[in-house]
Amino acid sequence: MNATRRNVLKGAGGFSALSVAVAAGLLKPTQVLAGWNQAGFSATKAADALAAIGAAGASESKDISVKAPDIAENGAVVPVEITTTLADVQSIAILSEKNANPLVGEYALTDFDGFLATRIKMGSTANVRAIVKAGGKTYTATKEVKVTVGGCGG
Amino acid sequence: MAIPMKLRAGNGEIKVLINHPSENGLRKDKSGALIPAHFIKNISVAVNGKAVLDGQWGGGVSKDPYLSFKVKGMKSGDKVVVNAEDNTGDKATVEAAAS
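Model, not experiment: these values are computed from the prediction.

Caption draft 1: Spatial organisation of the pairing of strand β7 (residues 91–97) of chain B. Residues and elements named next belong to chain B. Pairing of strand β6 (residues 79–86) with β7 involves 7 bridges; the strand directions are antiparallel. Residue pairing for β7: valine 82 is matched across the bridge by valine 94. Between β6 and β7, which follow one another and run antiparallel, lie 4 residues, and glycine 89 among them has a positive phi close to 95 degrees.

Encoded structure:
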């Protein structure tokens, strides 16, 4: 049952996959909250998660800084700070590229003043990737974090 | 059930701390059984009624989720409201005036 649902979600992208899953009775309507990127959060590869948030063609930018520890002894709590000098920021997404589900969070922003910080779980040593959409374009930057003890279980 | 949540706003920055297990549904307990997913899915922040952040979270956010960010033009006395909802439908709302 779960495997079927995963395949349905994988098979097509984003909203259409959800509609199909709902129509097929695989997902209860209550599970489909407004504004939650099911395809993005259930993606198991960073590339699939990036595609699901419309960031597959993001260009590397020096105007984004991802601050995180070089070595995280505890992968369950890794502080991450995103700062950017890009103007007109519309959204920021954070991925831990080797997590079972790489997409950690996605934020639509208005009047953003260049700084966002949170704490994430990391399953293993990986790049933490920030995606910043600004002025209609998509930019990205990464920071590698070495993880001593993973914090995702499984 | 209401989710405990703290909010602090001032000097152009909004800080939110939520008391929540943030289980991703992949961890096992001591008996080897999967611990069900239980995490915050949506968080939104408004200043004086204007949405400044509309966030979506997965199970990769750490336990007791923390979020801070800077907002242009926030002044002392501005009304900041934060709403959050987890995957079981539990909700949290807090309100504070910016210092």
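Additional details are given in the paragraphs that follow.
Caption draft 2: Structural detail: the environment of leucine 116 of chain A. Within the element layout of this structure, leucine 116 of chain A appears in strand β7 (residues 112–120). Along the sequence, leucine 116 of chain A and lysine 62 of chain A sit 54 residues apart, while their C-alpha atoms lie 17 Å from each other. Sequence-distant contacts of leucine 116 of chain A, that is, excluding residues within four places in its chain, are made with Ile82, Ile92 and Tyr107 of chain A together with Phe69 of chain B.

Caption draft 3: Local environment of the interface of chain B and chain A. The partner chain A presents 33 residues to the 29 residues of chain B that form the contact. Those elements giving two or more residues to the side of chain B that touches chain A turn out to be β3 (40–47), β4 (50–57) and β5 (66–71) of chain B. The leading source of residues in the side of chain B that touches chain A is β4 of chain B, at 8 residues. Split into classes, the residues belonging to the side of chain B that touches chain A amount to 10 nonpolar, 11 polar and 8 charged.

Caption draft 4: Main features of the confidence of the model for chain B. Mean pLDDT over chain B works out to 97, with 100% of the residues at or above the 70 mark. Our summary of model confidence lists the complex with pTM equal to 0.85 and ipTM equal to 0.96.

Caption draft 5: Structural view of the environment of asparagine 19 of chain B. Residues and elements named next belong to chain B. Residue placement: asparagine 19 occurs in the loop between β2 (13–18) and β3. Considered as a pair, asparagine 19 and leucine 67 are 48 residues apart in the sequence and their alpha carbons are 12 Å apart. With residues up to four places along the chain from it excluded, the contact list for asparagine 19 reads Ile3, Pro4 and Asp64.

Caption draft 6: Expanded view of the environment of glycine 89 of chain B. With respect to the helices, strands and loops of the structure, glycine 89 of chain B is situated in the loop between β6 and β7. A residue is classified by how many C-beta atoms lie within 10 Å of it, and glycine 89 of chain B, with 10 of them, is exposed.

Conventions we followed
- Residues numbered from 1 in each chain as written.
- Chains lettered and ligands numbered in written order.
- Predicted model: local features only at pLDDT ≥ 70, side-chain atom pairs only at ≥ 80, totals over all residues.
- Pairing = 2+ DSSP bridges.
- Helix = DSSP H or I, 4+ residues; strand = E, 2+ residues; numbered from the N terminus.
- Contact = placed C-beta atoms within 7 Å.
- Nonpolar A, V, L, I, M, F, W, Y, C, P; charged D, E, K, R; others polar.
- pLDDT = per-residue confidence, 0-100.
- Buried ≥ 20, exposed ≤ 12 C-beta atoms within 10 Å, placed from the backbone.

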